[in-house]
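Summary of structural features
Chain residues, written in single-letter form:
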2 protein chains.
Amino acid sequence: MKKVRTHIAKIQSGEKVTIAGHVQTVRVQSAVVFIIIRDITGTIQCVIEKTHPQFEIAKSISVESVLEITGSAVTMPGGGVEIQIESVTVLSMAEQLPIQVTGRGAETVSSEVAQDWRFLTLRRERDATIMKTLSAITTGYREALLQSGFTEIFTPKLMGTPSESHAELFKMEYFGGTAYLAQSAQLYKQMAVAAGLERVFEISPTFRADPSFTTRHATEFITLECEMGYIGSFDEVMETLERAIAYMLTSARKACGSEIRKHFGLSDFQLKRQIPRITMHRAKQICAEMGVTSDRADLSPAEERAVCEYVEKEMESEFVYITEYPWESRPFYHKKGISSETGKPISVSADLLYKGIELTTLAQREECYETLCKQCAEKGLKQEGLQWYLDCFRFGMPPHGGWGMGSERFVKQLLGLPSLREAQFLFRGPSRLMP
Amino acid sequence: MKKVRTHIAKIQSGEKVTIAGHVQTVRVQSAVVFIIIRDITGTIQCVIEKTHPQFEIAKSISVESVLEITGSAVTMPGGGVEIQIESVTVLSMAEQLPIQVTGRGAETVSSEVAQDWRFLTLRRERDATIMKTLSAITTGYREALLQSGFTEIFTPKLMGTPSESHAELFKMEYFGGTAYLAQSAQLYKQMAVAAGLERVFEISPTFRADPSFTTRHATEFITLECEMGYIGSFDEVMETLERAIAYMLTSARKACGSEIRKHFGLSDFQLKRQIPRITMHRAKQICAEMGVTSDRADLSPAEERAVCEYVEKEMESEFVYITEYPWESRPFYHKKGISSETGKPISVSADLLYKGIELTTLAQREECYETLCKQCAEKGLKQEGLQWYLDCFRFGMPPHGGWGMGSERFVKQLLGLPSLREAQFLFRGPSRLMP
């Protein structure tokens, strides 16, 4: 780059500008060459005539090369703006492409090949929009929590003991011992509350040695973590997440609302009303009324879809909190309560469902050491390996609660993507470690 | 918590308030008990008299328990505000403490024991200030780059091939194959530029199986990554980092400037002038004039300290860019240039030094595939394992450059900490994986 660059979306007719980007198409005619240039803000047609000394250079440019073009922006007879080229510099000439990047035929590239050549398929405006959306929602998430006085923390991903469960754990040799990759920041973020940091959040990778090949699983993903101390009730946790989601959606709309509309058909995706709260007991009734049942104490995937359908129709909300989860289907560190409707033991927690699937589990945690040890035993866990965690509860632990939510799953649901892997910069699965 | 909580720093004399926090000290007299409560914003003395029905409860409260106290804020005769307790609720009673958390004797807790009981030592205002500073500088870093139109990315930490070098690499079994933990996001963030995302940043963990036991190494740390495409020259990279650093310092000052002053004696730490730029050739001359020499082509740790001393004295800057690094001491993917002073081959790069040590290396990258392959061979590297990376340069790669900077090292230098591990929520080293 030799000159100050103008982004394509900012070009005004009548200006002399320098732009730079990838070549989307080259159309050679006898007296003129049309080059469509693409940068991160959009595309524009550039034109060079036969009389121009660089005409032959322009003719020879390959698709997806990187050019710097200086010229005049003029309004075309049919409307729209094009650049009349004064000078063109080839910053990087592209070889013959291994796959079709844009244009007709690009949609036939298989999912696996698209992953192999991810840096090429990401050049498509649709795929770039997904990456911008991911960036925007993490920005919105942080803004919401920083404004509420939260501190950002960075908990270790290398652990000396397994975190929540021994299943689906990556482990490695560590200076003669064994280290595990964190499956969750759960125990550490609660430690931050014990450490007096009061309200903390983290955005970080999470690892699961999960052999599933579904459209909503990955072995590495980015989790939006939160833990808040000194809560008056579990309601505060639900309210704080709700506020964060409102910020995330607004941030996406501001960052790339028009691209989201263009490529995913979403014209309005703000949080317009309070997220409805439905107890598990009531959710089961709703499902039964819709003819969807299961023998599970919590909701089956089909039941999750049914409840969401009901809520969208009856309450005009794409989100719903399912509260009063049965105690048996929740981990030992949740606070135990009693259902207001059935009188049975529940965990003081909720699942947030979004367009048919679970986004995250929110819970109040048990803060009393003795009760926690009891619950640990009740769930059949041994205290030894967890003692370092349980110790955090012995020397003054505020009441607290929080959640951990997959960012890519949020983006998948927001944009209606067929698979989680489209929401990742580079997908990681059981058979995918490259590029 | 039953009532709306007021943070201690926000208490106004004359108000009735509810506060909550850890008990810093309990002082029992015959007719009165004084309790000092600490929350994340500060400490305040609370007082309860013998006539109060909860007097006996107050007497029995252990240090570091978590209390909720409602009372009236009144100005004391000697100045300052205290709370006259109306009611006190024990939210969590602390057992006998394993170490002294605050007060006299706390400073004698050894570094290793402090790490063992990290959630207790973090309750010290000084240590909490370090965590707030870390949160603030990452916030400032993001703000600077988001405002300049950068996109936040999340690159994988699980890799199918070693990233930069085969040394100091963590590896693990991965579904019958082998995965490596990312030692840097270098190759991936350049891939993001090739993918048309233009300007990207990332804040993420980085892993090094480094057996060093120094005060500035850890096996896991948080790196502030950046890669910017379409640069006109390397100057733009230095200017962008400089702007980010100004934001980081301002953000720390806003978030916890007074605590930083109190505990680390820093009254003013804004970036007041442009960061001076000194060539390696000139830096070596300066060192020689100061009687500090080495046989290295780049700077030894002693020379780094000497240059910083010189710059601080002569140019009133705690930061300095050392430019024109000799080509032999840089990796293959840097752009090669010629020194303006010595005519010798250099890498188009700089090291940013801060108060005597290197914070980060910034560089323009080589974007031409053929040149890059040549440089790869020149440095004795085999192309095979890197082909997935080199492929990014074959189909249109904009000119670009960037850096990766350790966040904890920045905080260590800013606050003048004796060791990097104090800047980590939980330190990870060769013999430290717990808690």
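Residues numbered from 1 in each chain as written. Chains lettered and ligands numbered in written order. Predicted model: local features only at pLDDT ≥ 70, side-chain atom pairs only at ≥ 80, totals over all residues. Heavy atoms only, no water.

Points about the side chain of T219 of chain A
Position of T219 of chain A among the secondary structure elements: in the loop between β10 (199–207) and β11 (220–229). Judged by its relative accessible area of 0%, T219 of chain A is buried. (Helix = DSSP H or I, 4+ residues; strand = E, 2+ residues; numbered from the N terminus. Buried < 20%, exposed > 50% of the residue type's maximum accessible area, 1.4 Å probe, protein only.)

Observations concerning the relation of the copies chain A and chain B
Overlay of chain A on chain B (RMSD 0.0 Å): rotation 180 degrees, translation along the axis 0.0 Å. A rotation of that kind, with that shift, is consistent with a two-fold axis. Within chain A, the C-alpha atom positioned nearest to the axis of rotation is that of M172 of chain A, 2.4 Å from it. An overlap of 100% is found between the interface residues of chain A and their copies at the interface of chain B, pointing to a shared contact surface. (Least-squares fit on C-alpha atoms with pLDDT ≥ 70 in both. Contact = heavy atoms within 4.5 Å.)

A look at the sheet that holds strand β3 (residues 42–49) of chain B
Residue and element names in this part refer to chain B. On the basis of which strands lie adjacent, the closed barrel formed by 5 strands has the order β1-β2-β3-β5-β4 and mixed pairing. Neighbour-to-neighbour, the strand axes of the sheet open up by a mean angle of 55 degrees, direction not taken into account. Both strand β1 (residues 16–28) and strand β4 (residues 66–75) contribute to a ladder of 7 bridges, which runs antiparallel. Residue K16 lies in a different strand from β4, and its bridge partner there is S72. (Pairing = 2+ DSSP bridges. Axes fitted to C-alpha atoms, helices over the stretch in contact; angles between N-to-C directions.)

Focus: unusual backbone geometry
Residues and elements named next belong to chain A. Between M434 and P435 the backbone carries a cis peptide bond, its omega angle lying at -5 degrees. With respect to the element layout, P435 can be found in the segment after α11 (407–415). Here the phi dihedral of E198 falls at roughly 65 degrees; this positive angle occurs in a residue that is not glycine. Relative to the elements of secondary structure, E198 occurs in the loop between α5 (186–194) and β10. Overall, E198 belongs to the buried group, its relative accessible area being 4%. For Y230, which is not a glycine, the phi torsion comes out positive at approximately 60 degrees. Mapped onto the secondary structure, Y230 falls in the loop between β11 and α6 (234–264).

Some points on the interface of chain A and chain B
Counting from both sides, the interface comprises 91 residues of chain A and, opposite them, 91 residues of chain B. Summed over both sides, the interface between chain A and chain B buries roughly 7600 Å², with carbon and sulfur atoms accounting for 67% of that surface. Taken together, chain A and chain B are joined by 6 salt bridges. R5 of chain A is the salt-bridge partner of E198 of chain B, the closest N and O atoms lying 2.8 Å from each other. Joining chain A to chain B, the criterion identifies 38 residue pairs in polar contact (both at pLDDT 80 or more). In terms of residues, the side of chain A that touches chain B owes the most to one element, helix α4 (residues 125–147) of chain A, which gives 8 residues. Class assignment of the residues belonging to the side of chain A that touches chain B gives a composition of 54 nonpolar, 19 polar and 18 charged. (Buried area = accessible area lost by both parts, 1.4 Å probe. Salt bridge = Lys/Arg side-chain N within 4 Å of Asp/Glu carboxyl O. Polar contact = N/O pair within 3.5 Å; in protein donor to acceptor, adjacent residues only side chain to side chain. Nonpolar A, V, L, I, M, F, W, Y, C, P; charged D, E, K, R; others polar.)

Digging into the pattern of salt bridges
All names here are of chain A. Scanning all chains against the criterion turns up 62 salt bridges over all chains. Residues R282 and E289 are paired through a salt bridge, measuring 3.8 Å at the closest nitrogen-oxygen approach. The class for E289 is exposed, based on a relative accessible area of 60%. Sharing partners across several salt bridges, the network here consists of E112, D116, R421 and R432.

Regarding a nonpolar patch on the surface
Residue and element names in this part refer to chain A. A cluster of nonpolar residues, I57, V90 and M93, forms a patch on the protein surface that exposes about 230 Å² of accessible area. When you line up the elements, I57 lands in helix α1 (residues 55–59). The partly exposed category is assigned to I57, whose relative accessible area is 40%. (Patch = residues over 30% accessible without salt bridge, like charges linked within 9 Å, V, L, I, M, F, W, Y side chains within 5 Å. Areas by Shrake-Rupley, 256 points an atom, 1.4 Å probe, with all protein chains shown as cover.)

Notes on the sheet that holds strand β1 (residues 16–28) of chain A
Residues and elements named next belong to chain A. The 5 strands lie next to each other as β1-β2-β3-β5-β4, forming a closed barrel whose pairing is mixed. On average, each strand axis in the sheet is tilted by 55 degrees relative to the strand beside it, whichever way the strands run. Examined bridge by bridge, strand β3 (residues 42–49) and strand β5 (residues 81–92) share 3 bridges and lie parallel to one another. Its bridge partner lying in β5, V47 is registered against Q84.

Brief notes about empty space enclosed by the protein
Applying the stated criterion across every chain, the model contains 4 cavities of 30 Å³ or more. Each pocket or cavity is described by its volume, and for the largest cavity that value is around 160 Å³. Every residue lining the largest cavity is counted, 20 residues in all, and those nearest its centre are R38, D39, I40 and R123 of chain A together with G196 of chain B. Sorting the residues of the lining of the largest cavity by element identifies β1, β2 (32–39), β3 and α4 of chain A as the ones contributing at least two each. Take the lining of the largest cavity: its biggest share by element is 4 residues, from α4 of chain A. Residue composition of the lining of the largest cavity, by class: 5 nonpolar, 7 polar and 8 charged. (1 Å grid on protein atoms, 1.4 Å probe; cavity = no way out; pocket = protein on both sides within 12 Å on 5 of 7 lines; lining within 4 Å. Points joined across faces, edges and corners; volume = space filled by probe spheres on them.)

Focus on the environment of V28 of chain A
Residue and element names in this part refer to chain A. Mapped onto the secondary structure, V28 falls in strand β1. You can call V28 partly exposed: its relative accessible area is 43%. C-alpha separation for the pair V28 and A58, spaced 30 residues apart in sequence, amounts to 8.8 Å. Those residues in contact with V28 that lie beyond four places of it in its chain are V33 and K59.

A word on the confidence of the model for chain A
Predicted confidence across chain A gives a mean pLDDT of 95, with 99% of residues reaching 70 or more. Scoring the predicted complex yields pTM 0.96 and, for the interface, ipTM 0.96. (pLDDT = per-residue confidence, 0-100.)

Digging into the environment of E358 of chain A
All names here are of chain A. Within the element layout of this structure, E358 appears in strand β16 (residues 357–364). On the accessibility criterion, E358 (23% relative accessible area) is partly exposed. A sequence separation of 189 residues divides E358 from L169, and the C-alpha atoms of the two residues are 22 Å apart. Non-local contacts of E358, meaning those with residues more than four positions away in its chain, are made with E304, D351, L352, L353 and R409. Polar side-chain contacts of E358 include one of 3.4 Å to the backbone nitrogen of T360.

Let's talk about the side chain of R421 of chain B
With respect to the helices and strands, R421 of chain B occurs in the segment after α11 (407–415). What R421 of chain B contacts, discounting residues up to four positions off in sequence, is S111, E112, Q115, R118, T214 and F427 of chain B.

Points about the packing of aromatic side chains
Aromatic rings in a pair are described by how distant their centres are and how their planes are angled relative to each other. Evaluated as defined, the whole model comprises 28 aromatic pairs over all chains. Considering the side-chain rings of F332 of chain A and Y333 of chain A, the 5.6 Å spacing of their centres and the 80 degrees angle between planes classify their relative orientation as edge-to-face. The pair formed by F332 of chain A and Y333 of chain A is uniform in burial state, with each residue classed as buried. Consider the rings of Y141 of chain B and F201 of chain B, whose centres lie 6.3 Å apart with planes at 80 degrees: the pair is edge-to-face. On the criterion of sequence distance, the pair formed by Y141 of chain B in helix α4 (residues 125–147) and F201 of chain B in strand β10 (residues 199–207) is long-range, its members being 60 residues apart. Ring pairs connect the aromatic residues Y188, F332, Y333, W388, Y389 and F393 of chain A, which therefore count as one cluster. (Phe/Tyr/Trp six-rings, centres within 6.5 Å; stacked < 30°, edge-to-face > 60°.)

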